[in-house]
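A structural walkthrough
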Amino acid sequence: MNELTLAFAGCRVRVNGLLPTQTTVLRTRLEDLAVREEGEPDAEVDVHFTPSPEGFMRRPRGATETRIGLIHHPSHVAAAGIGFRASVERRPVRAQLHTCLNDARFASAFDNVLRIVASYLLFDRGGLVLHSAAITEGELSFLFCGRSGAGKTTLCSLAHELEIDVWSDELNAVIPFGDGFALQDLPFVGDVGQVARARLPSPLTAVFDLEHGTEPSLRECSKAEAVSRIVASCPYLNTDPAREDELNRRAERLVDAASFRVLTFAKRTNFWSVLTREYGALGS
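Presented here is a report on the structure given in the accompanying data block. Along each chain, residues carry numbers from 1 onward, in the same order as the chain's sequence is written. pLDDT decides what is reported in this predicted model: residues at 70 or higher carry local features, side-chain atom pairs at 80 or more are listed and counted, and totals for whole chains, interfaces and linings draw on all residues regardless. Derived side-chain values reflect all non-hydrogen atoms in the structure, with water molecules and hydrogen atoms excluded from consideration.

The next subject is empty space enclosed by the protein. Here a cavity is any set of points on a 1 Å grid over the protein atoms alone where a 1.4 Å probe fits but cannot get out, and a pocket is any open set with protein on both sides within 12 Å along at least 5 of 7 lines; a residue lines the site when it has an atom within 4 Å of a point. Grid points are joined across faces, edges and corners, and a volume is the space filled by probe spheres set on the points. Within the structure shown, the criterion is met by one cavity of 30 Å³ or more. Roughly 80 Å³ of internal volume is contained in the largest cavity. Considering the residues around the largest cavity, the lining is formed by 13 residues, among which W167, D185, L186, V189 and R199 are closest to the centre. Note that Gly is not counted as nonpolar here; it falls among the polar residues with everything else outside the nonpolar set of Ala, Val, Leu, Ile, Met, Phe, Trp, Tyr, Cys and Pro and the charged set of Asp, Glu, Lys and Arg. Its residues assigned to classes, the lining of the largest cavity comprises seven nonpolar, three polar and three charged.

In structure tokens:
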């Protein structure tokens, strides 16, 4: 059995019990985040392989999207998806991943569990993991939230055309940084041609919720609406009764620390001129 330690967002996660093929799958995708073991990790994932698919969810026929099942218990979070089931202890954060997968499909099962681990680990450190897009240009760092289909991947594709640095169009982390928050690297880069790589924290300039429109524009929203939109973008935690109150307080601190607006945009690169006109002086 092999071990692999991944470093991201200022944390170290040790993965234990990997088969050689599983190790190769993870190293191929997360090579830049793999580090030498030094001291105790911040969280651990114990992998238990069972060759028989009996007792595991199977992939349905057709193109039906299958989401993972999640149940919050007082001491842990139980999760299940295609080819795996897992239990994630909240504090200290440690996961037990049971799987029948020992090929490229193992990456998806592992990612699903690592997302939960990262969300709770960063939350315990004062941060948040958000379903979002994030881009940086010079000293400007923007985070874009929004429901599925709001345009996160489209916006990142447009930013990529403009040669703006895309962090992820899937999940991004923010952590306390000075008097505000900063973007921090995560392994979940999404669909816009990025690879997981180690990054330094980037102080957050502003947060936006995305809406479709014919022309790019910014509008203000109430603090209550902003907090609600942030909470809605925090997977796993926003359905956890044990974290509800603190999650709302954390979202409120993020809204207080960073400019929050609603960005309306169409499938054109002119959204960037709106942002630089509004925030360009901050990055100069």
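So much for the structure itself; the text now carries on.
So, on to the sheet that holds strand 16 (residues 206-212). Strand pairing requires that DSSP identify at least two bridges connecting the strands. For helices the rule is a DSSP run of H or I covering at least 4 residues; for strands it is a run of E covering at least 2, with both sets numbered from the N terminus onward. The strand order across the open sheet formed by six strands is 12-10-11-16-18-17, and the pairing between neighbours is mixed. Each of the sheet's edge strands pairs with one partner strand only, and the pair in question is strand 12 (165-168) and strand 17 (217-219). Ignoring strand direction, the axes of neighbouring strands in this sheet form an average angle of 30°. Strands strand 10 (133-137), strand 11 (140-145), strand 12, strand 16 and strand 18 (259-265) of the sheet are contacted by helix 3 (residues 152-161), whose axis makes an angle of about 20° with strand 10. Axis definition: a line fitted to C-alpha atoms, over the contacting stretch in the case of helices. Angles run 0 to 180 degrees between N-to-C directions. Two residues qualify as a contact provided that any one of their heavy atoms is within 4.5 Å of a heavy atom in the partner residue.

Here we come to the pairing of strand 5 (residues 69-72). Sheet topology note: the strand 5/strand 6 (residues 76-81) ladder contains four bridges and is antiparallel. Directly across from H72, in strand 6, lies its bridge partner V77.

To continue, consider the nonpolar core. Nine residue types can take part in a nonpolar core, namely buried Ala, Val, Leu, Ile, Met, Phe, Trp, Tyr and Cys, and a core is a set of them joined through side-chain atoms within 4.5 Å. The buried label applies to any residue whose accessible area, calculated with a 1.4 Å probe on protein chains only, is under 20% of its type's maximum; exposed applies above 50%, and partly exposed to all values in between. Judged by nonpolar contacts, the single largest core of 72 residues is most densely connected at F110 and I230. In terms of residues, this core owes the most to one element, helix 2 (residues 106-124), which gives twelve residues. Once residues within four sequence positions are removed from consideration, I230 is found in contact with L128, L130, C145, V207, A251, L254, V255 and F260.

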